[in-house]
Amino acid sequence: MTAPDLFPATSAAGNAAPDLDRYRADFPILHRPLKGKRLVYLDNGATTQKPNAVIQAEADYYAQSNANIHRGVHWLSQHSTDLYEQGRERVRGFLNARRPEEIVFTRGTTEAINLVAYSWGRSHLKPGDEILISGMEHHSNIVPWQLICEQTGAQLKVIPVTDSGELDLAAYRTLLGPKTRLVGLVHVSNALGTVNPVQEMTELAHAVGATVLIDGAQAVAHHEVDVQALNCDFYVFSGHKLYGPTGIGALYARYDILKDMPPWQGGGDMIHTVSFERSTYADVPQRFEAGTPNIAGVIGLDAAIAYVQQVGLNAIARHEDRLLEHATRELQALPGLRILGTASHKAGIVSFVLDDIHPHDLGTILDTEGVAIRAGHHCAMPLMTRFGVPGTARASFALYNTHEDIDALVAALKKAQKLFGVG
Ligand code: 7TS
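Residues numbered from 1 in each chain as written. Predicted model: local features only at pLDDT ≥ 70, side-chain atom pairs only at ≥ 80, totals over all residues. Heavy atoms only, no water.

(A) Structural detail: a nonpolar patch on the surface. Residues Ile271, Val274 and Tyr281 make up a contiguous nonpolar surface patch of roughly 280 Å² in combined accessible area. Mapped onto the elements, Ile271 comes out in strand β9 (residues 271–274). Judged by relative accessible area, Ile271 falls into the partly exposed class, the value being 31%. (Patch = residues over 30% accessible without salt bridge, like charges linked within 9 Å, V, L, I, M, F, W, Y side chains within 5 Å. Areas by Shrake-Rupley, 256 points an atom, 1.4 Å probe, with all protein chains shown as cover. Salt bridge = Lys/Arg side-chain N within 4 Å of Asp/Glu carboxyl O. Helix = DSSP H or I, 4+ residues; strand = E, 2+ residues; numbered from the N terminus. Buried < 20%, exposed > 50% of the residue type's maximum accessible area, 1.4 Å probe, protein only.)

(B) Geometry of the packing of helix α4 (residues 75–95) against helix α11 (residues 295–311). Here α4 crosses α11 at 40°, and the two axes come no closer than 9 Å. One finds that α4 runs oblique with respect to α11. In terms of crossing hand, the pair formed by α4 and α11 is left-handed. Along the contact surface, α4 presents Ser80, Leu83, Tyr84, Gln86, Gly87, Arg90, Val91 and Phe94, while α11 presents Ile295, Val298, Ile299, Leu301, Asp302, Ile305, Ala306 and Gln309. (Axes fitted to C-alpha atoms, helices over the stretch in contact; angles between N-to-C directions. Parallel < 35°, antiparallel > 145°, perpendicular 65-115°, else oblique. Left-handed = near helix turned anticlockwise from the far one by under 90°. Contact = heavy atoms within 4.5 Å.)

(C) Region of the structure containing the nonpolar core. Membership of the largest hydrophobic core comes to 75 residues, with the highest contact counts inside it found for Val91, Leu95, Val183, Tyr235, Leu242 and Leu383. It is α11 that provides the largest number of residues to this core, a total of eleven residues. (Core = buried A, V, L, I, M, F, W, Y, C linked by side-chain atoms within 4.5 Å.)

(D) Geometry of the pattern of salt bridges. Evaluation of the coordinates by the stated rule reveals 19 salt bridges. Two residues, Arg90 and Asp302, come together in a salt bridge whose shortest N-O distance is 2.7 Å. Of the two residues, Arg90 is situated in helix α4 and Asp302 in helix α11; the sequence distance between them amounts to 212 residues. Arg90 gets classed as partly exposed once you look at its relative accessible area, which sits at 30%. Here Glu111 ties to Arg107 by a salt bridge, and the two come within 3.4 Å at their closest N and O atoms.

(E) Inspection of the packing of helix α12 (residues 313–332) against helix α15 (residues 403–420) at higher detail. The contact between α12 and α15 brings their axes to 10 Å, and the two run at 20°. With respect to α15, the element α12 is oriented roughly parallel. For the pair α12 and α15, the sense of crossing is right-handed. Of the residues in α15, those in contact with Arg322, Leu323, His326, Ala327, Glu330 and Leu331 of α12 are His403, Ile406, Asp407, Leu409, Val410 and Leu413. Per-class residue counts for the contact of α12 with α15 are seven nonpolar, two polar and three charged. (Nonpolar A, V, L, I, M, F, W, Y, C, P; charged D, E, K, R; others polar.)

(F) Structural view of the site of the ligand. Near the ligand you find 16 residues, and of these Thr110, Asp215, Ser238, Arg374 and Arg394 are the closest. The side chain of Arg394 places a nitrogen or oxygen atom 2.6 Å from an oxygen atom of the ligand. Against a free-state accessible area of 490 Å², the protein chains account for coverage of 87% of the ligand. Residues of the shell around the ligand, tallied by class, amount to three nonpolar, nine polar and four charged. (Near = heavy atom within 4 Å. Polar contact = N/O pair within 3.5 Å; in protein donor to acceptor, adjacent residues only side chain to side chain.)

(G) Seen up close, helix α5 (residues 109–124). Under the 1.5 Å per step criterion, the end-to-end length of α5 is 21 Å for 16 residues, consistent within 8% with the ideal 22 Å. For α5, a buried count of twelve out of 16 residues is recorded, marking the element as mostly surrounded by other parts of the structure. Taken residue by residue, α5 has Thr109, Glu111, Ala112, Ile113, Asn114, Leu115, Val116, Ala117, Tyr118, Ser119, Trp120 and Gly121 as its buried positions. (Expected span 1.5 Å × (residues − 1).)

(H) Spatial organisation of the pairing of strand β7 (residues 234–238). The buried fraction of β7 is high, at five of five residues. Of the two faces of β7, the one lined by Phe234, Val236 and Ser238 and the one lined by Tyr235 and Phe237 are each fully buried. Both strand β6 (residues 211–215) and β7 contribute to a ladder of three bridges, which runs parallel. Across the sheet, Leu213 pairs through a bridge with Phe234, a residue of β7. As judged from the five bridges shared by β7 and strand β8 (residues 249–253), these two strands associate in the antiparallel manner. If you follow Tyr235 over to β8, its bridge partner there is Tyr252. (Pairing = 2+ DSSP bridges.)

(I) Highlighting the sheet that holds β8. Taken together, the seven strands give an open sheet; going across it, the order is β2-β8-β7-β6-β5-β3-β4, and neighbouring strands pair in mixed fashion. The sheet is open, and its two borders are formed by β2 (103–106) and β4 (155–159), each paired with just one other strand. The average angle at which neighbouring strand axes cross in this sheet is 20°, direction not considered. With five bridges joining them, strand β3 (residues 130–134) and β4 adopt parallel strand pairing. Each bridged residue has a counterpart across the sheet, and for Glu130 the counterpart in β4 is Gln155. Against the sheet, α4 contacts β2, β7 and β8, and its axis sits at roughly 115° relative to β2.

(J) Molecular detail of the environment of Gly193. You can see Gly193 is positioned in the loop between β5 (180–186) and α8 (198–207). In this structure Gly193 comes out as buried when scored by relative accessible area, which is 0%. Separated by 91 residues in the primary sequence, Gly193 and Glu102 place their C-alpha atoms 28 Å from one another.

(K) Structural view of the confidence of the model for the protein. Across the protein, pLDDT averages 95, with 96% of residues at or above 70. Long-range and interchain partners of residues 9–16, a stretch whose pLDDT sits below 50, account for 14 contacts in this model, where long-range means more than four residues apart. (pLDDT = per-residue confidence, 0-100.)

(L) Summary view of the domain arrangement of the protein. Each assigned domain of the protein is listed here: domain 1 (18–50 + 312–417) and domain 2 (55–309). Using only C-alpha atoms to locate each centre, domain 1 and domain 2 end up separated by 27 Å. Of the residues lining the interface, 41 residues belong to domain 1; the matching set on domain 2 comes to 36 residues. Both faces combined, the contact of domain 1 with domain 2 buries some 3100 Å², and carbon together with sulfur accounts for 56% of it. Per-residue buried area on domain 1 facing domain 2 is highest for Lys50, Leu313 and Leu383; these three make up 20% of the total on that side. (Domains from an automatic or database assignment. Buried area = accessible area lost by both parts, 1.4 Å probe.)

(M) Here's a closer look at the side chain of Thr194. Note on placement: Thr194 falls in the loop between β5 and α8. Assessed through its relative accessible area of 1%, Thr194 is described here as buried. Within the structure, Thr194 has its side chain in polar contact with the backbone oxygen of Gly165 (distance 2.6 Å). Ignoring anything within four residues of it in the chain, the contact list for Thr194 reads Met136, Gly165, Glu166, His187, Val188, Ser189, Ala343, His345 and Lys346.

Structure below.
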């Protein structure tokens, strides 16, 4: 299916098209000068910038609707509860979950994975069981499982990564077995940009009776995600990488699994009854939302998803594919530059090393040119070890990036090479 072209001139002329200017106008920060230069923001994998719709939705909430939820009899509390639950329904639709109860709000991806590890992991894993994760996971899909392995006696196994930055599917098949209880997979690698074949991998995992968690932190802003089509058991993401606020994200969990999971944090809002002898717990999803949640964050996330839906994820994906193509071509033309991650299916992320220049030095020089990129291990230290580098420089794209942004990146890299006397 061909996606509607919302950014037509970007591909043809290579410049910011009027349509793109319209979307760029939605993001106030893009128009602040930085160190006397135009801001070239290419660190979207770390966090995206926020459109006015999101900033305004949060401000309006505090100005017009603020009250605590799920407990007040007064109008404002009920109104606030309605807005919060509308946010849940928005996320349900966004992921195509079957029912709103399958959506638990969390602080973000990290907290969602910890929730699964501590609640599901501690109640399902025993000595001898295996947790299988990929060699390109972010630390947040490694460390919680290590902690749970220490507590349960389960063992962590790792799917190797090929030289092109893809998962070795043959090795995956041999690693899967009757002891595999959980498979944890990153949908899109934050350090390489690889889009993993998570649907096929989920099917293979289910065939041995394993439960599947997919880390969608880098996926949801770049292409459509349908948890029913993927048929995964858990799917997690953060709002702040999706043009939404920080401190809010979500866990999707299949209802039949979630409903039997024990609480992991206790407190208000997650109980049914409490006495000093014994407490009983609320139904899902409230059982997993102890305490006053980030209500304004949910309102902001709702607005962010509405914004992305209005622009259209297919159009965004197509635009970012073009940026990726352009960036790959231009960067490869630089002598001494090596791209890490050359998978056939990639999202808008380019990771690279340039001569012997340390990525942090590169990042610092680029910063003086107003170009913001990420430099370092990207919280994927085992993956950096796999490629024999301490870290990389990474440019990651969003819907508001232009070909000019990439040209500015390349020009700044050439300056860095001059400064270091290489290239
Ligand atoms: N998983 C992936 C694939 C990620 O890219 C990140 C954050 C996380 C999990 C954690 O998300 P959080 O919102 O809970 O912090 N990745 C990055 C990055 O690439 N640069 O900064 C943060």
